[in-house]
Structures are given as structure tokens and as C-alpha cells.
2 protein chains.
Amino acid sequence: MKILNIEHIGIAVGSGDKSRDFWEKILSLTMEHEERVAGQGVDTLIYPVGPSKIELLAATGPDSPVAKYLAKHGPGIHHVCLEVEDIKQAIKELKQSGIQPVFPTPQPGVEQTLVTFIHPRDTGGVLVELAQKGGTGSHGQE
Amino acid sequence: MKILNIEHIGIAVGSGDKSRDFWEKILSLTMEHEERVAGQGVDTLIYPVGPSKIELLAATGPDSPVAKYLAKHGPGIHHVCLEVEDIKQAIKELKQSGIQPVFPTPQPGVEQTLVTFIHPRDTGGVLVELAQKGGTGSHGQE
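Since the structure is predicted, the reported quantities are computational estimates derived from the model, not experimental observations.

Q: What is the right way to look at the interface of chain A and chain B in this model?
A: Interface size, as often reported, equals the accessible area lost upon joining of the parts. At the junction of the two partners, chain A supplies 38 residues and chain B supplies 38 residues. In total, about 3,000 Å² of surface goes out of reach between chain A and chain B, with carbon and sulfur atoms giving 75% of it. Here chain A is connected to chain B by 0 residue pairs in polar contact (both at pLDDT 80 or more). Contributions of two or more residues to the side of chain A that touches chain B are made by strand S1 (3–12), helix H1 (19–26), strand S4 (52–59) and strand S5 (76–84) of chain A.

Q: Can you help me understand the relation of the copies chain A and chain B in this one?
A: The operation linking the two copies of the chain is a rotation about an axis combined with a translation along the axis. Least-squares fitting of chain A to chain B yields an RMSD of 0.0 Å, with the superposition described by an axial translation of 0.0 Å and a rotation of 180°. Given the turn and translation reported, the copies of this chain are related as if by a two-fold rotation axis. Proximity to the rotation axis, assessed at the C-alpha, singles out isoleucine 77 of chain A in chain A; its C-alpha lies 3.5 Å from the axis. The residues that chain A uses at the interface reappear at the interface of chain B in 100% of cases, marking a shared surface.

Q: Is there a simple way to think about helix H2 (residues 65–73) of chain A in this case?
A: Note: α-helices contain 3.6 residues per turn, so residues at a spacing of three or four share the same orientation. Residues and elements named next belong to chain A. Looking at H2, one finds that the buried residues are Val66, Ala67, Tyr69 and Leu70. Taken down its axis, H2 places every buried residue within 160° of arc, on the same side. Those residues of H2 that are exposed and aimed more than 90 degrees away from the buried face are Lys68, Ala71 and Lys72. Buried residues along H2 sit against S1, strand S3 (42–49), S4 and S5. Put simply, serine 64 is the residue that caps the front of H2, since its side-chain oxygen is 3.0 Å from the backbone nitrogen of valine 66. Trailing H2 by a residue or two, glycine 74 shows a phi angle of about 80°, which is positive.

Q: Would you mind going over the pairing of S1 of chain A with me for this structure?
A: A regular strand places its side chains so that they alternate between the two faces of the sheet. Residue and element names in this part refer to chain A. Among the 10 residues in S1, 9 count as buried, and that is most of the element. Across 8 bridges, the pairing between S1 and S5 is antiparallel. Looking across to S5, one finds that histidine 8 is bridged to cysteine 81. Where S1 and S4 come together, 4 bridges link them in parallel fashion. Across the sheet, the residue bridging to glycine 10 is glutamate 55, located in S4.

Q: Explanation requested: the pattern of salt bridges in the structure shown.
A: In a structure, side chains of opposite charge can pair up when their charged atoms sit close to one another. Residues and elements named next belong to chain A. For the structure on display, the rule yields 16 salt bridges over all chains. Salt-bridge contacts for arginine 20 lead to glutamate 24; the nearest nitrogen and oxygen are separated by 2.7 Å. With arginine 20 and glutamate 24 both in helix H1 and 4 residues apart, the pair spans about one turn of that helix. Glutamate 24 gets classed as partly exposed once you look at its relative accessible area, which sits at 25%. Across the pair aspartate 43 and arginine 36 runs a salt bridge whose closest N-O atoms are separated by 2.7 Å. Accessibility expressed as a relative area gives 54% for arginine 36, which makes it exposed. Among the charged side chains, a network of salt bridges with common partners joins Glu7, Lys53, Glu83, Glu111 and Lys133.

What counts and what doesn't
- For every chain, the first residue of the written sequence is number 1, and numbering continues from 1 along that sequence.
- All chains are assigned letters beginning with A, and all ligands numbers beginning with 1, in the order in which they are written.
- In keeping with the predicted nature of the model, local features appear solely for residues at pLDDT of at least 70, side-chain atom pairs appear and are counted solely at 80 or more, and the whole-chain, interface and lining totals rest on all residues.
- Values shown for side chains rest on all heavy atoms present in the structure; no hydrogens or waters enter the calculation.
- Working rule for contacts: check all heavy atoms of both residues, and any pair within 4.5 Å makes them a contact.
- The buried area of a pairing is the accessible area, by a 1.4 Å probe, that goes missing from both parts when the two are put together, added over both.
- Polar contact is the term for a pair of N or O atoms within 3.5 Å; when the atoms are in protein, one must be able to donate a hydrogen and the other to accept it, and sequence-neighboring residues count only if both atoms are side-chain atoms.
- Strands here are runs of E lasting at least two residues and helices are runs of H or I lasting at least four, both read from the DSSP assignment and numbered beginning at the N terminus.
- For this overlay, a least-squares fit was computed on C-alpha atoms, restricted to residues scoring pLDDT of at least 70 in both copies.
- The classification of residues rests on relative accessible area computed with a 1.4 Å probe and restricted to protein chains. Under 20% of the type maximum is buried, over 50% is exposed, and intermediate values are partly exposed.
- The directions considered for the arc run from the helix axis to the C-beta atoms.
- Two strands qualify as a pair provided DSSP detects at least 2 bridges between them.
- Here, a salt bridge means any Lys or Arg side-chain nitrogen found within 4 Å of an Asp or Glu carboxyl oxygen.

Printed below as a string of C-alpha cells:
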């Protein structure tokens, strides 16, 4: 598969913690966009950093994967998202390597991406998201 | 402070685990450079991803911060490194905000950087490295 960039780093934040102050007031990053990804149970705050982004992830409810992560690990880096040229090709190659991605068919992510995830057991401890940009138009959902 | 890019993501790997296979064989990333950072007790393997990098971090010995991280958390994302324009200015601003960086004066990092770290207690659970590129010449160490 062709990997183009670190699209973003996803950071799990609890309600009322000081994460947002750190990224906005101490590091002076600007929050460009906020978006709910209902299918993944997260509210995201997006801070561009060069051609990448920091995304703060808050759970939308107790069944959200982020809520479960916070309960087990506390706040911190939840996943890294890599931009791929072709998400369907990436999923095909994962399966050929014996890896079952979390979403066997691409799902909508933030900002018109199509995404899947690779479980930490298959990567050496890291939750990896793969995202294709501009993938939610008619072509991407064909 | 002026933050330019996500310089790299540092991933702690144990001896003999499958992390390296994942990044090299499954994702087809190319290891460009390896380097020991004696002052931080790590051996690094560096994989460019667009203008950023994935760095796999192995402990050089049992007293390495990475060894302690692995003993507590297992393998996974250890830190995110943000490229700053001016590391001394960044440290000055952190101190003005009441944050004591791990290195109060910049230390040599990988690939001729000058770096410091911000403890997870000050960021909302994330170990953040700040790095200035090209900083280890005569100007940077003045």
C-alpha cells in the first residue's frame, strides 16, 4: 500500500480535563474544525500542525470506544492515522497479509475520509487508522 | 511558540516483538536511518512518512526511560514530537506558563535536533517532545 502522510494523531480526552488548554493556550495551536463521527462515538476537535493534525477525541457516550479506552488507560494518545492513497487497496493487502481490519469495508471518518483501523494486537501495540481523503463522494461509496 | 510540523511519533518496541515487521512488511515503509541517542537511552529506527517520521524506540538498557515505559505499559505509542522553530523560545514560554520541561536546557536528539520533553501530567496524558532541527551546530549549543 502507498502511505502518503501522518494524517493525524488522535488523543483521548476526558470531560473537564486540561488537554484543550494545553494544546490551545500553551502550544498556541488553533482549533480549525469540530465534528461528531457518530459511527465511531467520538466528538473531535481538530488542530492543524503543518500538513498533519492533532485531533482531541471525546466520547459521545459510555459505549464509545474512546470511553472504554479512557476507563482503562486514562487520557493520552489513542491512535495514529496514516493517509493512504487507496483505502480499498490497503484493506485488500492487509487481508492478504492475514490481518483482519476493524472495518472490513471502509467507513466514513472525519472530514470526508474513508477509514479503517488495525487492532493493536496486529501492529505491536499501536491502534493504527488508515484514511483515504476525499473518499466519501460517489466514487468512494460506489 | 511556533510549531511547524509533527516531526515524528515515537513507538516503544520490546526486543523480539513484531513491530518492525508490521511497519516494514505490512505497511511497506522504508527504514531510512538508525541512531543511538545515548543521553535518552534509546536505539531508534526511523521511517519517513511524508514530511514526518515513525520512530521505533528500543531501550539501550534496563535504566532507559523506554525500558521503564515498556515494563509499565507494554509496547505502543510512547510520545509525539513536534517541530518548533526555536527550542529556547519554546522552553522560555513553557516556564512562563508554569510548566517545567523535562530538560530545562535543550539536549541533543536524533538527527541533529535540539529537544526537550513535556511530562504527561502537564499535557493531559501525552508525553510531548519539542525539537528544533539543525540546532546542534555552534549556534544551537552556544
